[in-house]
Amino acid sequence: MWVLLRSGYPLRILLPLRGEWMGRRGLPRSLVPGPPRRRYRKEALPALEVPVLPVTATEIRQYLRAHGIPFQDGHSCLRAPSPFVKGLQLKDQTGATASFSLFIDKTTGRFLCMNSLAEGSWEDFQASVEGQGDGAREGVLLGEAPEAEDSEEIRRIWDRAIPLWELPEPEEAQLARVMFGLTKVTNDTLRRYSVRYLRPARSLVFPWFSPGGMGLRGLKLLSAEGQGNEVHYKETTIPRPGVYCNLFGLPLISRRDVEVVLTSRELDSLALNQSTGLPTLALPRGTACLPPALLPYLEQFRRIVLWLGDDLRSWEAAKLFARKLNPKRCSLVRPGDQQPRPLEALNRGLNLSRILRTALPAWHKSIVSFRQLREEVLGELSNVEQAAGIRWNRFPDLNRLLKGHRKGELTVFTGPTGSGKTTFISEYALDLCTQGVNTLWGSFEISNVRLARVMLTQFAVGRLEEQLDRYDEWADRFEDLPLYFMTFHGKQSIRTVIDTMQHAVYVYDICHVVIDNLQFMMGHEQLSTDRIAAQDYIVGAFRKFATDNSCHVTLVIHPRKEDDDKELQTASIFGSAKASQEADNVLILQDRKLVTGPGKRYLQVSKNRFDGDVGVFPLEFNKSSLTFSIPPKSKARLKKVKDDNGLVTKKPSSGRKGAVPQNSETCLGQAHHSNQPNPSKPSR
Ligand SMILES: Nc1ncnc2c1ncn2[C@@H]1O[C@H](COP(=O)(O)OP(=O)(O)OP(=O)(O)O)[C@@H](O)[C@H]1O
């Protein structure tokens, strides 16, 4: 599926060939009869070469006025009469009979008609207003219906699932309640929310009903697995996560409700509603994203409380979502010991209404006092690990130096020509992406197909060419990563790139943008002073973007021409010192060997604003998997010894140096990275 091209944004979701769906869902085979099915898609549309400027709220308003369409200004949408409802006169200016069922997103111009469920881009809307809309409308409406094989599966699972209290064995029901932490959730609550239990999969089943209608559009299955003292939950959605857009609890919301509590899990919504009686909705993909397609359903609320979870990540997500919802109507429940997630609060006998009353307003003016910040500071101090960001699974040495990957930072990455910058940065970003960091790639030099091929090889940690029969397994898993690509190639204006990034942050909750590389945003400046000024401007624009959007930007910049014998330094980054001043982190890929340590390359962290730790670590390149990370087994553990230059050289303290032969052939499926999903295991 390609999206957004009509709305002018050169951005697409990468969907490789979809493969057999049974394994992906991890459902018992008995539930998915018949031979494996494969669906192949062709790339339907070419990349957009001349990006259209994004629409603004003012332009949307002007357009509606010019066409005599009445509208109301809402929190994140404009409401207008829908041209997709039969018998409705667009030019009916009285507004008395017209139902304002069309919601137009003020940021993107995308629309949704609540009556017909038609949706589409701003261009689609204009086309239908101007009388050429039939094709677009049909296409959009067709896109609404779940795919036939999904509907069949949804129906089959739903029919087999039963309410918990109808389980024949009371012990089984009790065990399920304990596993899902539902001992205090009543049958009445489960009944109201139509929650069922699927015995063969030992999973709770949460339905996704069509808004306003009776139909079942999808399901979420939640299974629980005990691991030691902990319970691990696994979610499976039908349709797949990328298109699973259920606001769980929507059928219970009345038109008159003006307040709602948003949670990140269905179970939290059950607990919250049971103990407070308040309307509550659960987001479809937890704290990962708030798809703009859901915003129309939240327009009616004058107050929205976000109570997403008990960690710093939930708190960060709540702040980002509040921006989208309009912070003036949002309050946030801060995670804390006495403020765990709602289900846990219920189980611990805490007063959920009281916790809700402590919710903090999300909006404040540009000037804040320490009084407003003190809780945030405390949050960071008491969650030092989480405040340090997301840790790489494949690069423990990077964690040691940078501590983690944090939102809102700018990382500048450089290295000699052809040294493997793209290859390294691809693995570095992939690692984070597999941990749920929504990532947007701007690859201006190499095509997205080639980049995706490199990434897929790194993801599978092995050569796929020789095992094409396993391509679909890996591609299916890869497809579910929150990974997006800009379709730019070659030179681009910085404005267009920033606009596209902004759009992606809004639509896909992007937290990491990789730009490879900055030189493609430079014009044809002849004078070196002009070039330096242009680069400074671009670096400044990315810096501002990272800060304003709480989004990490990793920017690849070529070095200036230097003597081949010399190692690169921060000052070798092309241009003035602006890039290294603005950057929070500066990473340099050095294409020479460390005196002590394996590998023919090393990575140098030469600036680290977070806590000042700088240093180096060796990189070993594996040609078959295109990875730089050292497989866990043969990892040479290294000690940190600071030399006079501030560089850190390391001594292997255990393991044998060079235990992994260079360019060694890695068999697919052999040694998986610890973070690496094993496709033989079912998952969503
Ligand atoms: N450490 C390495 N040893 C040998 N080959 C490598 C190494 N790293 C990358 N390569 C290979 O070298 C080629 C160029 O790598 P890559 O495109 O990542 O370099 P780059 O630094 O981004 O290049 P450029 O300067 O043109 O942007 C690729 O084919 C890649 O597989």
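For the structure, see preceding data.
Small disclaimer: the values here were computed from a predicted structure and weren't measured.

S.K.: Where do I start with the overall build of the protein in this structure?
M.R.: Along the backbone of the protein there are 21 helices and 25 strands. For the protein, with 684 residues in total, the buried portion stands at 54%. Across the protein, the fraction of contacts at a sequence separation of at least 24, relative to all contacts at a separation of at least 6, is 67%. Surface exposure of the protein reaches about 30,700 Å², of which carbon and sulfur atoms provide 52%.

S.K.: Explain the site of the ligand to me, please; I cannot follow it from the model alone.
M.R.: Within the structure, the ligand sits among 14 residues, and G418, K421, T422, T423 and E445 are positioned closest to it. In the environment of the ligand, an oxygen atom lies 2.8 Å from a nitrogen or oxygen atom belonging to the backbone of G418. Between the ligand and G420, the relevant distance is 3.1 Å, taken from an oxygen atom to a main-chain nitrogen or oxygen of the residue. When the free accessible area of the ligand is taken as 630 Å², the share hidden by the protein chains comes to 68%. Among the elements that line the shell around the ligand, the one with the most residues is helix α16 (residues 421-433), at three residues. Of the residues that constitute the shell around the ligand, the class distribution is four nonpolar, seven polar and three charged.

S.K.: I keep staring at the sheet that holds strand β10 (residues 230-238) and nothing clicks. Help me out?
M.R.: What links the strands of a sheet is backbone hydrogen bonding, and the strands pair in either a parallel or an antiparallel sense. One open sheet accounts for four strands, arranged β7-β8-β9-β10; its pairing is antiparallel. Two strands lie at the open edges of the sheet, namely β7 (196-198) and β10, each paired on one side alone. Each strand axis lies, on average, 30° off the axis of its neighbour in the sheet, ignoring direction. Here strand β8 (residues 203-209) runs beside strand β9 (residues 216-227); their pairing, made up of seven bridges, is antiparallel. Residue pairing across strands places L204 opposite L222, the latter belonging to β9. Seen against the sheet, helix α6 (residues 170-179) touches β7, β9 and β10 and runs at an angle of roughly 85° to β9. Running over the sheet, helix α8 (residues 266-276) touches β8, β9 and β10 and is turned about 80° from β8.

S.K.: What is the right way to look at the pattern of salt bridges in this model?
M.R.: Between side chains of opposite charge, pairing is possible as soon as their charged atoms come close. Within the structure shown, the criterion is met by 30 salt bridges. Across the pair K403 and D613 runs a salt bridge, and its minimum N-O distance is 2.9 Å. Here K403, found in the loop between α15 (396-402) and β16 (410-414), pairs with D613, found in the loop between β22 (601-608) and β23 (615-619); they are 210 residues apart in sequence, far enough to count as distant. As a salt-bridge pair, E465 and R453 come within 3.3 Å of each other at their nearest N and O atoms. Of the two residues, E465 is situated in the loop between α17 (448-460) and α18 (471-479) and R453 in helix α17; the sequence distance between them amounts to twelve residues. A residue is classified by how much of its surface remains accessible, and R453, at 51% relative accessible area, is exposed. Bridged by salt links that share partners, the residues R61, D73 and K106 form one connected network.

S.K.: Where do I start with the packing of α17 against α18 in this structure?
M.R.: For any two helices packed against each other, one specifies the inter-axial angle together with the distance between the axes. Interaxial distance between α17 and α18 falls to 10 Å at its minimum, and their mutual angle equals 100°. Between α17 and α18, the angle falls in the class roughly perpendicular. Listed contacts from α18 to A452, M455, L456, F459 and A460 of α17 are Y471, W474, A475, R477 and F478.

S.K.: Got a minute to help me understand unusual backbone geometry in this structure?
M.R.: Glycine aside, negative phi is the norm for most residues, and most peptide bonds take the trans geometry. I238 connects to P239 through a cis peptide bond whose omega is 0°. Residue position: P239 is located in the loop between β10 and β11 (259-263). In the segment running from D516 into N517, the intervening peptide bond is cis, with an omega of 0°. Inspection of the secondary structure puts N517 in the loop between β19 (512-516) and α20 (528-549). We note that L117 has phi near 65°; this positive angle belongs to a residue other than glycine. For L117, the location among the structural elements is in the loop between β5 (111-113) and β6 (119-120). Judged by relative accessible area, which is 15%, L117 ranks as buried.

S.K.: So what exactly am I meant to see when it comes to the packing of aromatic side chains here?
M.R.: For any pair of aromatic rings, geometry is given as the distance between the ring centres together with the angle between the planes. In the structure shown here, the tally under the stated rule is 19 aromatic pairs. On the numbers, 5.2 Å between centres and 75° between planes, the contact of Y63 with W122 is edge-to-face. With Y63 in helix α2 (residues 57-66) and W122 in helix α3 (residues 122-129), this residue pair connects regions lying 59 residues apart in the sequence. Both residues of the pair, Y63 and W122, belong to the buried class. Taken together, the ring pairs in this structure connect W392, F395, F413, F424, Y428, F621 and F628 into an aromatic cluster. The ring of W315 carries the charged tip of R334 above its face, separated from the ring centre by 4.2 Å.

S.K.: Whenever I open this one, the nonpolar core confuses me. Can you help?
M.R.: Side chains of a nonpolar character, in soluble globular proteins, are inclined to be buried together. Ranked by size, the top nonpolar core spans 71 residues in total, and within it L306, M501, V513, I515 and F542 carry the most contacts. By residue number, the principal contributor to this core is helix α19 (residues 494-508), which donates nine residues. Those residues in contact with F542 that sit more than four places away from it in its chain are L410, I494, V497, I498, M501, I515, M521, V553 and L555. Membership of the second largest hydrophobic core comes to 39 residues, among which are W392, I425, A429 and L483.

S.K.: Before we go on, may I ask you to explain α17 in this structure?
M.R.: Three or four residues apart is the spacing at which side chains of an α-helix point the same way, because the helix has 3.6 residues per turn. Helix length check: α17, at 13 residues, gives a terminal C-alpha distance of 18 Å against a target of 18 Å (1.5 Å per residue), a fit within 8%. Of all the residues in α17, the buried ones are N448, L451, A452, V454, M455, L456, T457, Q458, F459 and A460. The first or second residue beyond α17 is V461, which carries a positive phi of 50°.

S.K.: Would you explain the sheet that holds strand β2 (residues 72-73) in this entry?
M.R.: Pairing is antiparallel in the open sheet, where five strands are placed in the order β2-β3-β4-β5-β6. Each edge of the sheet is formed by a strand with only one pairing partner; in this case those strands are β2 and β6. Where strand β3 (residues 77-80) and strand β4 (residues 102-105) come together, four bridges link them in antiparallel fashion. Paired with L78 across the two strands is I104, which belongs to β4. Strand contacts of α3: β4, β5 and β6, with the helix running at about 135° to β4, the strand carrying the most contacts.

S.K.: What should I look at first to understand the pairing of β8 in this one?
M.R.: Working note: regular strand, side chains alternate between the two faces of the sheet. Extensive coverage of β8 is indicated by the burial of six of its seven residues. Taken together, the three bridges between β7 and β8 define a ladder with antiparallel strand orientation. Within the sheet, the bridge partner assigned to Y197 lies in β8 and is L204. Counting the residues in the hairpin turn of β7 and β8 gives four residues, including R202, whose phi is positive at 45°.

S.K.: Would you mind showing me how to read α19 here?
M.R.: Its 15 residues place the ends of α19 20 Å apart at the C-alpha level, agreeing with the 21 Å of an ideal helix rising 1.5 Å per residue. Among the 15 residues that make up α19, eleven are buried, leaving the element largely enclosed by the rest of the structure. Among the residues of α19, I494, V497, I498, T500, M501, H503, A504, V505, Y506, V507 and Y508 are the ones counted as buried.

Rules used throughout
Residues numbered from 1 in each chain as written. Predicted model: local features only at pLDDT ≥ 70, side-chain atom pairs only at ≥ 80, totals over all residues. Heavy atoms only, no water. Helix = DSSP H or I, 4+ residues; strand = E, 2+ residues; numbered from the N terminus. Buried < 20%, exposed > 50% of the residue type's maximum accessible area, 1.4 Å probe, protein only. Contact = heavy atoms within 4.5 Å. Areas by Shrake-Rupley, 256 points an atom, 1.4 Å probe, with all protein chains shown as cover. Near = heavy atom within 4 Å. Polar contact = N/O pair within 3.5 Å; in protein donor to acceptor, adjacent residues only side chain to side chain. Nonpolar A, V, L, I, M, F, W, Y, C, P; charged D, E, K, R; others polar. Pairing = 2+ DSSP bridges. Axes fitted to C-alpha atoms, helices over the stretch in contact; angles between N-to-C directions. Salt bridge = Lys/Arg side-chain N within 4 Å of Asp/Glu carboxyl O. Parallel < 35°, antiparallel > 145°, perpendicular 65-115°, else oblique. Phe/Tyr/Trp six-rings, centres within 6.5 Å; stacked < 30°, edge-to-face > 60°. Lys NZ or Arg CZ within 6 Å of the ring centre and 35° of its normal. Core = buried A, V, L, I, M, F, W, Y, C linked by side-chain atoms within 4.5 Å. Expected span 1.5 Å × (residues − 1).

What is shown is where atoms sit, not what they do.
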